[in-house]
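The chain contents come next:
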Amino acid sequence: MRSLFALLVAILSAPAQDTELPTPVRIETGVSGHIHPALCISAKGTLVAAYCKSEYKPYLITRSTDGGKTWSKPILSPHTEKTQVYPGSLTPLADGRLVHAWNVWFSPAEKVRSRHVAYSISSDDGITWSELKNLNKNKDEKVESVVRHPFVELSRTAWLFPLMDRTIVYNPETGEERPFGDDRKHGLTPIVRTAKGTFISGKGLRSTDDGKTWETIKPFPDVSSQGWRQQMIALKNGWLLASQTPGPGVGGEKILFIVSRDDGKTWDMEHPVEFYNPGREIGGRACPRTVEIDDKTLGTIFYDTDAKQVGGSGVFFRGLPIARLGGR
């Protein structure tokens, strides 16, 4: 009797798996290399995306004002014409501005190729961008400093960056940086702040005191070992979402979303939500990036370099009803 009851509970609590999702919208064709798209949504509802079309350049920006149904002709990202770029992140600020951060390849005096983070700000939903600013390079120029995830805006003068070489709180007005919480390094994994103010780290850690102390979350999605390609976001309804790409090959066979519905304490590992399954190995690392379009819909940008798919390799955008994430 108990086993039957448990089975009924599992069925009722499982995410709704609709047979069809919207057809992915093709944003770009003929892509290769480190494409690694970034995505954000402005206060006005404009979607802004950035990606590399081929290995390190050109680095392109495109916009959508209709929820991802159509996209503007991609244009070259300012400040990247004369340098090789490793793609970064896009972050909306509370005052309506957007911050685009990316990674600049450079050769220090020792002739060792390395990277540091630059950023630019848009006050008009991604149409124009300010002059770039640089985050501090690592004191050891041989150590790379890379960004791949949106930062957390703690305040107007405090941006929490999870970088490859360090985790910092950066002051955009002075350029100063300070440690976050207990000064631990979270590496190139996302850090998000939930609707309740809890911080969740892609390292599988949870803090309710602004990073001063952390508790381990088990089980937890494998965001850490693939931190530069996976994602984690906090939704306005209090849920959290992380991506997984299981299967063989570089990019796995499908993109799955894992959900937490209790402020990051537990994760529904038993009921992953299938987002993309082409029925073959995904070409490239996919690198999905998701935003909350409204209280009913998510939107995700990703890529697939399989040349044999209809239309060839490409960057795509696809919507997902939040109701599909379950929690009934």
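Since the model is a prediction, treat every value here as computed from it, not as a measurement. (Residues numbered from 1 in each chain as written. Predicted model: local features only at pLDDT ≥ 70, side-chain atom pairs only at ≥ 80, totals over all residues. Heavy atoms only, no water.)

1. Concerning the packing of aromatic side chains
Here the distance between the centres and the angle between the planes together describe a pair of aromatic rings.
For step 1, the next point in the chain: Applying the stated rule across the entire model yields 16 aromatic pairs.
For step 2, the next point in the chain: Relative to Trp267, the ring of Phe220 lies with its centre 5.3 Å away and its plane at 80 degrees, an arrangement referred to as edge-to-face. A residue pair is termed long-range when its members are at least 10 positions apart, and Phe220 in the loop between β17 (215-216) and β18 (232-234) and Trp267 in the loop between β20 (255-260) and β21 (273-276) qualify at 47 residues.
For step 3, the next point in the chain: Among the aromatic residues, those joined into a ring-pair cluster are Tyr119, Phe151, Trp159, Phe161 and Tyr170.
For step 4, the next point in the chain: In this structure, Arg261 is placed above the aromatic ring of Trp239, and the distance from its NZ or CZ to the ring centre is 5.6 Å.
For step 5, the next point in the chain: Over the face of the ring belonging to Phe275 we find Arg318, whose NZ or CZ atom lies 6.0 Å from the ring centre. (Phe/Tyr/Trp six-rings, centres within 6.5 Å; stacked < 30°, edge-to-face > 60°. Helix = DSSP H or I, 4+ residues; strand = E, 2+ residues; numbered from the N terminus. Lys NZ or Arg CZ within 6 Å of the ring centre and 35° of its normal.)

2. With respect to the sheet that holds strand β3 (residues 47-52)
For step 1, the next point in the chain: Here we have 4 strands laid out as an open sheet, ordered β2-β3-β4-β5, and antiparallel in their pairing. Strands with a single pairing partner mark the edges of an open sheet, and in this sheet they are β2 (38-41) and β5 (75-76).
For step 2, the next point in the chain: Alignment of β3 against strand β4 (residues 59-64), held across 6 bridges, turns out to be antiparallel. Directly across from Leu47, in β4, lies its bridge partner Ser64. (Pairing = 2+ DSSP bridges.)

3. Considerations on the pairing of β20
For a regular strand, side-chain orientation follows a simple rule: the groups alternate between the two sheet faces.
For step 1, the next point in the chain: A large share of β20 lies buried, amounting to 6 of its 6 residues.
For step 2, the next point in the chain: Bridging between strand β19 (residues 240-244) and β20 involves 5 bridges; their strand directions are antiparallel. Bridging across to β20, Leu240 finds its partner in Ser260. (Buried < 20%, exposed > 50% of the residue type's maximum accessible area, 1.4 Å probe, protein only.)

4. Considering the sheet that holds strand β11 (residues 158-162)
For step 1, the next point in the chain: The strand order across the open sheet formed by 4 strands is β10-β11-β12-β13, and the pairing between neighbours is antiparallel. Both edges of this open sheet fall to β10 (152-155) and β13 (177-179), since each of them pairs with a single strand only. Averaged over all pairs of adjacent strands, the angle between strand axes in this sheet comes to 30 degrees, irrespective of strand direction.
For step 2, the next point in the chain: Looking at chain direction, strand β12 (residues 167-170) and β13 are connected through 3 bridges and run antiparallel. Residue pairing for β13: Tyr170 is matched across the bridge by Glu177. (Axes fitted to C-alpha atoms, helices over the stretch in contact; angles between N-to-C directions.)

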